Amino acid sequence: MCGRYAATKDPAKLIEEFEAIDLTEGHARADHNVAPTKNVVTVVQRHPRDEDGQVLEDEPAERSLRMMKWGLVPFWAKDPSVGSRMINTRAETAAEKPAFRRALVSRRCLVPADGWFEWRRTGKEKEPFYMTEPDGSSIAFGGIWESWHPKDDKDAAPLITFSIITTDAAGQLTDVHHRMPLIVPESHWDGWLDPDREDVKDLLVPTPEDIVASLELRPISTLVNNVRNNGPELLERVDPQQELEDDGALFDKPKS
């Protein structure tokens, strides 16, 4: 699964990487500990609209950075709080589930990340890891998004939300967790973002083995366990055994 990730690059860098225009309106923030329900940067590709809001389907689609809230709220939901339970979407069933199938057909997005966090359980202990590209390039998670409008306030701004597609873990990642986010390689970005492409069977494929093999599995501090912690120290490599010894030393110090 993917329940926490890091996204620290500013829009200027993402514009260059994803060849997109910036429509974040100054709301993008570096975040070393992205948690569900936060507003974060995503990448979408849509046809432009005219002054009346009508889609100009004959005009080429434009790729842009947009702010969205993590946790998909289906367009038919009565209460937007359901989004907190829909942060991930299983690739195996996305086309069948009413909450996801419409978005999968026409509202796909990419979620730029520096890397993501996962916890390996050993007995009662949970050891955190950070999965990232060693060269610092962005990882693009496959996502879907929706626009939700409150039924009792037609003039209210729509709530734009997204969910991250997940698949079975592969290769070295199976040592940490049995699920992982779907990583979309750059060669597939055009197909994933194409708003006119409704057949997505070829897109919902496991992350290529070469991408999985290239990732660094970095043991990190348990500081990441607390969502209130948010700084570059969360991404630093640590020796898990040394961290345990350091924590123990705090309790062994004699009282003054």
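Placed above this text is the structure.
Here the structure is a predicted model, which means the values were calculated and not measured.

Participant: I tried to follow the pairing of strand β10 (residues 139-148) on my own but got confused; where do I start?
Facilitator: Looking down a regular strand, the side chains alternate between one sheet face and the other. When you tally the buried positions in β10, you get 10 out of 10 residues, the bulk of the element. Examined bridge by bridge, strand β7 (residues 108-113) and β10 share six bridges and lie antiparallel to one another. Bridge pairing in β10 places Pro-112 opposite Ala-140. Pairing between β10 and strand β11 (residues 159-168): six bridges, direction antiparallel.

Participant: Would you explain the side chain of Thr-207 in this entry?
Facilitator: Considering the arrangement of structural elements, one finds Thr-207 in the loop between α3 (189-193) and α4 (209-214). Exposure remark for Thr-207: the relative accessible area of 4% places this residue in the buried category. Of the polar contacts made by the side chain of Thr-207, one reaches the backbone nitrogen of Ile-183; its length is 3.1 Å. Once residues lying within four places of it in the same chain are set aside, the contact partners of Thr-207 are Met-180, Pro-181, Leu-182, Ile-183 and Val-212.

Participant: What exactly am I supposed to notice about the side chain of Glu-133 here?
Facilitator: Mapped onto the elements, Glu-133 comes out in the loop between β9 (125-132) and β10. A distance of 3.5 Å separates polar atoms of two side chains, one belonging to Glu-133 and the other to Ser-214. If we skip the residues at most four places from it in the chain, Glu-133 touches Asp-114, Ile-139, Ile-211, Ser-214 and Leu-215.

Participant: In this structure, what is going on with the sheet that holds β9? I would like to understand it.
Facilitator: Sheet strands pair by backbone hydrogen bonding; their relative direction is either parallel or antiparallel. Strands sit in the order β3-β1-β8-β9-β13 across an open sheet of five strands; the sheet is antiparallel. Among the strands making up the open sheet, the edge pair consists of β3 (31-34) and β13 (216-219). Here the strands of the sheet are splayed against their neighbours by 30° on average, with no regard to which way each runs. As paired elements, strand β1 (residues 5-7) and strand β8 (residues 115-122) share two bridges and run antiparallel to each other. Residue pairing in the sheet places Ala-6 in a bridge with Gly-115 of β8.

Participant: Explanation requested: the packing of aromatic side chains in the structure shown.
Facilitator: In this description, an aromatic ring pair is defined by two values, namely the gap between the centres and the angle between the planes. Considering all chains together, one arrives at six aromatic pairs under this definition. Ring geometry for Trp-70 against Phe-162: centres 6.2 Å apart, planes inclined by 10°, an arrangement best described as stacked. Of this pair, Trp-70 sits in strand β5 (residues 62-70) while Phe-162 is found in strand β11, placing the two residues 92 residues apart along the sequence. Seen from their ring centres, Trp-116 and Phe-141 are 5.9 Å apart, and the 80° between their planes marks the pair as edge-to-face. Remark: Phe-141 occurs in strand β10 and Trp-116 occurs in strand β8; sequence separation between them is 25 residues.

The rules behind each value
- Residues numbered from 1 in each chain as written.
- Predicted model: local features only at pLDDT ≥ 70, side-chain atom pairs only at ≥ 80, totals over all residues.
- Heavy atoms only, no water.
- Buried < 20%, exposed > 50% of the residue type's maximum accessible area, 1.4 Å probe, protein only.
- Helix = DSSP H or I, 4+ residues; strand = E, 2+ residues; numbered from the N terminus.
- Pairing = 2+ DSSP bridges.
- Polar contact = N/O pair within 3.5 Å; in protein donor to acceptor, adjacent residues only side chain to side chain.
- Contact = heavy atoms within 4.5 Å.
- Axes fitted to C-alpha atoms, helices over the stretch in contact; angles between N-to-C directions.
- Phe/Tyr/Trp six-rings, centres within 6.5 Å; stacked < 30°, edge-to-face > 60°.

Just geometry here; none of it tells us what the structure is for.
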